[in-house]
Amino acid sequence: MCGIAGLFHRSSQSAEQLHRIIDGMTSVLRHRGPDSDGSWLDASQGVAFGHTRLAVVDLSPSGHQPMASSSERYQISFNGEIYNHLDIRSEIEEQGVRVRGKADTAVILGAIEVWGLETTLSKLRGMFAFGVWDRRDRTLHLARDRMGEKPLYFGWIGGQFVFASELKSLRAHPDWDQTIDRAVLASYMRLAYVPAPHSIYGGIYKLFPGTSLSLTAADDGAQPQFSPWPDDPHAELSPKTYWSASHSARQGLGSQATDSNAAEQQLDVLLRDAVSEQMISDVPLGAFLSGGVDSTTVVALMQELSRQRVRTFTIGFDIPGFNEAEYAAEVARYLETDHTELYLSANDAMDVVASLPTVFDEPHADSSQIPAILVSKLARQHVTVSLSGDGGDELFGGYNRYLHSQKLWRYMRPFPTICRRSLAGVLSRVPPSSWDSWFRYSPKRLPRMGYKIHKLADAISASDQEEVYRNLISYWPRPETLVIDSKERASMFHPRHRLNDSDSFFRQMLYWDQIAYLPDDNLAKMDRASMSVGLETRAPLLDHRIVDFSWSLPEHMKVHGGQSKWLLRQVLYRYVPKQLIERPKMGFSVPVGEWLRGSLRPWADELLSNEHLVSVGLLDSVAVRRVWSDHLAGKIEGQNQLWAVLMFLAWFREHEH
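In this report, the structure presented in the accompanying data block is examined. None of these values were measured; they are calculated from a predicted model. (Residues numbered from 1 in each chain as written. Predicted model: local features only at pLDDT ≥ 70, side-chain atom pairs only at ≥ 80, totals over all residues. Heavy atoms only, no water.)

### A closer look at the packing of helix H8 (residues 260-278) against helix H22 (residues 544-551)
Under the convention used in this document: Note on method: axes are straight lines fitted to C-alpha atoms, helices fitted across the in-contact stretch only, with angles between N-to-C directions ranging 0 to 180 degrees. Think of it this way: any DSSP run of H or I at least four residues long counts as a helix, any run of E at least two long counts as a strand, and we number them from the N terminus. An angle below 35 degrees is read as roughly parallel, one above 145 as roughly antiparallel, one from 65 to 115 as roughly perpendicular, and any other as oblique. Crossing handedness: left-handed means the near helix sits turned counterclockwise from the far one by under a right angle, and right-handed means the same turn made clockwise. Pairs of residues are marked as contacts when any of their non-hydrogen atoms sit within 4.5 Å.
At a minimum axis separation of 9 Å, H8 and H22 run at an interaxial angle of 160°. Between H8 and H22, the interaxial angle falls into the category roughly antiparallel. Of the two possible hands of crossing, H8 and H22 adopt the one that is left-handed. Only Arg 545, Ile 546 and Phe 549 of H22 make contact with H8, whose side of the interface consists of Ala 263, Gln 266, Leu 267, Leu 270, Leu 271, Asp 273, Ala 274 and Glu 277.

### Notes on the sheet that holds strand E8 (residues 153-157)
Strands in a sheet are paired, the pairing made by backbone hydrogen bonds, and the direction either parallel or antiparallel. Using the following cut-off: By the convention used here, strands pair only if DSSP detects at least 2 bridges between them.
Within the open sheet, the 6 strands sit side by side as E2-E3-E1-E9-E8-E10. Their pairing is antiparallel. With one partner strand each, in any of the chains shown, strand E2 (36-42) and strand E10 (204-206) form the two edges of the open sheet. For this sheet, the mean inter-axis angle between neighbouring strands, taken without regard to orientation, is 15°. Inspection of the sheet shows E8 paired to E10 by 3 bridges, in the antiparallel sense. By the bridge assignment for E10, Gly 155 is matched with Ile 204. On the sheet, helix H1 (residues 15-27) packs against strand E1 (2-8), E2, strand E3 (47-53) and strand E9 (160-164) and is oriented at approximately 150° with respect to E1.

### Topic: the packing of aromatic side chains
Worth spelling out the cut-off: Between 30 and 60 degrees the pair is tilted, below 30 it is stacked and above 60 it is edge-to-face, where a pair is any two Phe, Tyr or Trp rings, Trp via its six-membered ring, whose centres lie within 6.5 Å. Categorising residues by exposure relies on relative accessible area from a 1.4 Å probe, with only protein chains included: less than 20% of the type maximum marks a residue as buried, more than 50% marks it as exposed, and the intermediate range marks it as partly exposed. Over a ring means this: the NZ of a Lys or the CZ of an Arg is within 6 Å of the ring centre and within 35 degrees of the ring normal.
The tally for this structure, following the rule as stated, stands at 22 aromatic pairs. An angle of 65° between the planes, with centres 4.9 Å apart, marks the rings of Phe 8 and Trp 133 as edge-to-face. Pair noted here: Phe 8 is in strand E1 and Trp 133 is in strand E6 (residues 126-134), with a separation of 125 residues, a long-range link. For the pair Phe 8 and Trp 133, a shared accessibility class is recorded, and that class is buried. Ring centres of Tyr 205 and Phe 226 lie 5.4 Å apart, and the angle between their planes is 55°; on these two criteria the pair is classed as tilted. On the criterion of sequence distance, the pair formed by Tyr 205 in strand E10 and Phe 226 in the loop between strand E11 (211-216) and strand E12 (240-241) is long-range, its members being 21 residues apart. Owing to a relative accessible area of 15%, Tyr 205 belongs among the buried residues under this scheme. Here the aromatic residues Phe 154, Trp 156, Phe 161, Tyr 205 and Phe 226 are joined through ring pairs into a cluster of three or more. The ring of Trp 115 has Lys 123 lying over it, and the distance from NZ or CZ to the ring centre is 4.7 Å.

### Re the side chain of Thr 211
For clarity, the threshold we go by: Side-chain atoms alone can form a polar contact between residues adjacent in sequence; in general such a contact is a pair of N or O atoms within 3.5 Å, and within protein one must be able to donate a hydrogen while the other accepts it.
Relative to the helices and strands, Thr 211 is located in strand E11. Under the relative-accessibility criterion, Thr 211 is labelled buried at 2%. In this structure the side chain of Thr 211 is engaged in a polar contact, spanning 2.7 Å, whose partner is the backbone oxygen of Phe 208. Residues contacting Thr 211, with those up to four places away along its chain left out, are Leu 142, Ala 143, Arg 144, Pro 230, Pro 239, Lys 240, Thr 241 and Tyr 242.

### Description of the nonpolar core
What counts, and what does not: Put simply, buried Ala, Val, Leu, Ile, Met, Phe, Trp, Tyr and Cys residues joined by side-chain atoms within 4.5 Å make one nonpolar core.
Formed by 108 residues in total, the largest nonpolar core has its most connected members in Phe 130 and Leu 267. In terms of residue count, the dominant contributor to this core is helix H21 (residues 505-531) (11 residues). Filtering out sequence-adjacent residues up to four positions away, Leu 267 remains in contact with Phe 396, Ile 546, Phe 549, Leu 567, Leu 568 and Val 571. Formed by 82 residues, the second largest nonpolar core is a distinct cluster that contains Tyr 153, Ala 192, Leu 482 and Leu 600.

Distances and angles like these do not, on their own, reveal function.
Here it is in C-alpha cells:
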C-alpha cells in the first residue's frame, strides 16, 4: 500500500520547478508509505510523479516506484494490490513481454504494453489507484478499482492537472487556492461524508470507482469542457466506466439464482478463492475480528486455508452495549487463532479525537472512525497487512434498514401523508430519554430505543421510498438551512444513481449503499484509519466476482425469516457453530452522545460556541446551538448531527486556519 501523487502540464517546465512541487506533494504522504519514497519527472513533457511505498509484495529495490515499463514507454505510480498478478504475468510473458522483478506494479505495466489500458483494467482483480504516463502518446491515464477501496483525488491547480491519494498532497502544491464548496458541504452535513465525484473543495474531484480518466497534452487544461460524472455525453472530457455496479446489478437481476444449496456452494468457492488470493504477502499478515458474521467468515476461511494460526485482532470497550470483544474471543478460541485483544477505556478512545482532522483530511463524521484507528494501531504492532470483513452488509443485506424499511413502507403507504406526519410528530415530541426509560425494563433490553423511535418517525413521515431512505441515512435532514448560502448537490440521489428497479425498495437501498456509502464512508474510513499507521487492509468480500454473484441472489437468499445476510450465514455455519454467531447486530461504534455530555463537552463547547461558529461563517449558529442545547438537556439524541458539525469544525480549524 502506498501514497501516489502527480502533475501534468501541457507545456514544458524546468526540472527544478517540477522537483520542488512533486517532492512537496509526496512528502506529506509518507504515513501511507513509510518504507521508501521516490519521484520521477520529464521536464520536456511537463509531467512528474511521486510515490511513497509500504512494501508488501517484492520487498526488494526492484519494487521501487515510480516504475518504468521494460520498453520505457510507460511510467507508473501505483497504490494497491493486484491479487491475480501471477496469472496475468504468465499470460503476458507467453506473449513475449519481459516483466521486471516480482512486483505486481511491473505486471500492470507489462499488461498495458500487451493489451492497452482498457483490457488491462478488465483483467485486474484487486484494489488500486494509479497514474500511468504514456511517453509516446503524451497521455496521462488515471484509474481506480471497481469498489473504490483506494482513493484518488484530482483537479486543476494553477493551470496544472494534479492527482494524489489524499487531499493533503494537493494542498501542498504551491499554487493551491481552492475554497470550500458550500453545496458539497451541505451534502456532507446530510451524509456525514463527502460523496463522489466531489471533494470538499471546488474544482477538486474524486475519481469514481470503476472508472479511468485519460488526458493528452492537447486537453489537459480543458477544464471548462470537463465533467466529473462518468461517460457524460455533453463533456469533451469525462471519466470512462470500465465496470459499474449498475451493470453488475442488471446482469445479476437478469439471471436470478433458484437453488439455495447450489448458491451456497458457489458462494463458498468464491469466498475461499478470494481469501486465498488476498492472503498472499511477503510480510506478516492477520485479520480484524469482531465476532460478527462478516469478519468471522473471513477469519474462518483464512484459518481453514492456513497451515499456521492466523493472527486476529480485536479491541474492546468497558462500555455496556458497545463491546464485541467477548464474542470475538469466543470465535477465536473455537477457530484456534493467535488472538490479540486490547481493552480500552473511554479516555483511550477519546484521545483519538484530537488526531481525526489530520487522519481524515476531508471532513468525515462516521464515529466508528475512532475504533477503526484503534484496532489498526493494535494490528500494526504485529502485522503489516490485515484482512477485514468490509462489504458484507452492503452486498448481502446486513443493515437494519434493509430488514425494516421495505416492510414499514408497505404498511404505512396506504395511509394519507398528513396522517403519517401527524403520527411522526407525536413520536418525535417524546424525548429520547423518556422512550429509553420506558423500554429499560423490556424483556429484550433494547438499547437506544429513543433514538430509534425518532428515526422511525423520520421514515414514516416520508412521501415516497426515496425519502424514506434519505430520512433514515440523514444526519441533518435539511442541510441547506444549516449551511449558509448553499444549495445541496444531488450526490447519491442523482438520477443516474437509480437502479430502475421499481419492484424492490430493498435492492435500490443495496445499490445506493454500494455506490456511495460503501466507498465514500466505510472504505474511506478504513483506508485513512489504517494508512495513518502504515497498515494495509484488504477486503475479500469485495472481490468483484463476489459482488457480481451477490446481485444474482433473490431477496429471500439475503434476508430470510427476519434474518439478514442469510446465504452468507449458511456458508459461515460450515465452519463455525451457529450459536457463536446468532445475536443482535451491534455495529462498530462508540457512545459519542454520552461523551459529548461528559468528557468531550469542554472540547465541543469551545467548537460550538456562538463566537466560533460566527467566525467560521459557514453554518447557521442558531440551528447548531439549538441542537447542542437540546442534546445536553436530553430532549433529543443529537450526536449524529453534532458529530458531523464538530468533525467539520475541527477539520476547518486544522486545514483552513
